[in-house]
Amino acid sequence: MSSSSSTSSRRATSLLPALLLGGAACLLSSRYAGLSATDSFVSVASPAVRGRTGMRGFKEDFESWRCSLTPEERKMVQNQATGEYNKKFRKSPEFSKNLPDEKLKSFANILGKFFDTEAADYKKELERKVPNYNQLLEKAGDKVMD
């Protein structure tokens, strides 16, 4: 039982840096794509399609979290993101470095808020899309069928 809990905790700790690296990779790619400083990889979908979601709050939270990183931490995240698919880099000790726990926890909180908001939006969309299965019966009313 202890080996399964240690395995799951190792998976959980290895998942967060992977998410962080993925976010950093998207951020870097958007920077090099010629976007301005106000644009980032987090873009809000058109209001007609998605409505008002938690994306705007996520963007603000993510920007404030990213600004809290030191230049050394930013460089480390950038190097890890660019070397994500390089086998030699993945085997190096630089790849296995992590951000401090408090920064990882704050990033996890930001992602948690985002996913909670997305789940709530998804549930609202499902409620709007549920068809009225009794509509045919209601339309027919009490008419007697031959």
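Residues numbered from 1 in each chain as written. Predicted model: local features only at pLDDT ≥ 70, side-chain atom pairs only at ≥ 80, totals over all residues. Heavy atoms only, no water.

S.K.: Would you explain the overall build of the chain in this entry?
M.R.: Helix and strand counts for the chain come out as 7 helices and 0 strands. Listed N to C, the secondary structure of the chain is α-α-α-α-α-α-α in terms of helices and strands. Evaluated residue by residue, the chain yields a buried proportion of 25% over its 146 residues. The contacts of the chain with a sequence gap of at least 6 include a subset with a gap of at least 24, amounting to 59%. (Helix = DSSP H or I, 4+ residues; strand = E, 2+ residues; numbered from the N terminus. Buried < 20%, exposed > 50% of the residue type's maximum accessible area, 1.4 Å probe, protein only. Contact = heavy atoms within 4.5 Å.)

S.K.: Can you walk me through the pattern of salt bridges in this structure?
M.R.: Two side chains that carry opposite charge are able to pair once their charged atoms sit near each other. As enumerated under the stated definition, the model contains 4 salt bridges in all. Between E73 and K103 there is a salt bridge whose closest N-O contact spans 2.6 Å. With a gap of 30 residues between them, E73 in helix α4 (residues 71-82) and K103 in helix α6 (residues 101-129) connect regions that are remote in the sequence. The two residues E73 and K103 agree in class, both being buried. Close ionic contact of E84 with R90 constitutes a salt bridge, the shortest N to O distance being 3.0 Å. The exposure class assigned to R90 is partly exposed, which follows from its relative accessible area of 39%. (Salt bridge = Lys/Arg side-chain N within 4 Å of Asp/Glu carboxyl O.)

S.K.: Just checking my understanding: could you explain the nonpolar core for this structure?
M.R.: Formed by 15 residues in total, the largest nonpolar core has its most connected members in L20, F58, F62, W65, V77, L99 and F107. Those elements that provide at least two residues to this core are α1 (2-32), α3 (55-67), α4 and α6. If one sorts the elements of this core by residue count, α6 sits on top with 5 residues. Those residues in contact with W65 that sit more than four places away from it in its chain are L20, L99, K103, S106, F107 and I110. (Core = buried A, V, L, I, M, F, W, Y, C linked by side-chain atoms within 4.5 Å.)

S.K.: Any chance you could explain the confidence of the model for the chain here in plain terms?
M.R.: Any segment with low pLDDT has predicted coordinates that should not be analysed in fine detail. For the chain, the mean per-residue pLDDT works out to 76, and 65% of the residues sit at or above 70. Put simply, helix α2 (residues 47-50) is where the chain has its lowest mean pLDDT, 45, and α4 is where it has its highest, 92. Within the model, pLDDT remains below 50 along residues 46-51, and this stretch shows 3 contacts once partners closer than five positions in the same chain are excluded. (pLDDT = per-residue confidence, 0-100.)

S.K.: Help me out: how do you make sense of the packing of aromatic side chains in this one?
M.R.: Two measures describe an aromatic ring pair: the distance that separates the ring centres and the angle between the ring planes. Tallied over the entire structure, the rule returns 7 aromatic pairs. Residues F58 and F62 carry aromatic rings whose centres are separated by 5.9 Å and whose planes lie at 25° to one another, so their mutual orientation is stacked. Taken together, the residues span about one helical turn, with F58 and F62 both in helix α3 at a distance of 4 residues. In this pair, the class of F58 matches that of F62, namely buried. Between the aromatic rings of F114 and F115, the centroid separation amounts to 5.5 Å while the plane-to-plane angle is 55°, which identifies the pairing as tilted. (Phe/Tyr/Trp six-rings, centres within 6.5 Å; stacked < 30°, edge-to-face > 60°.)

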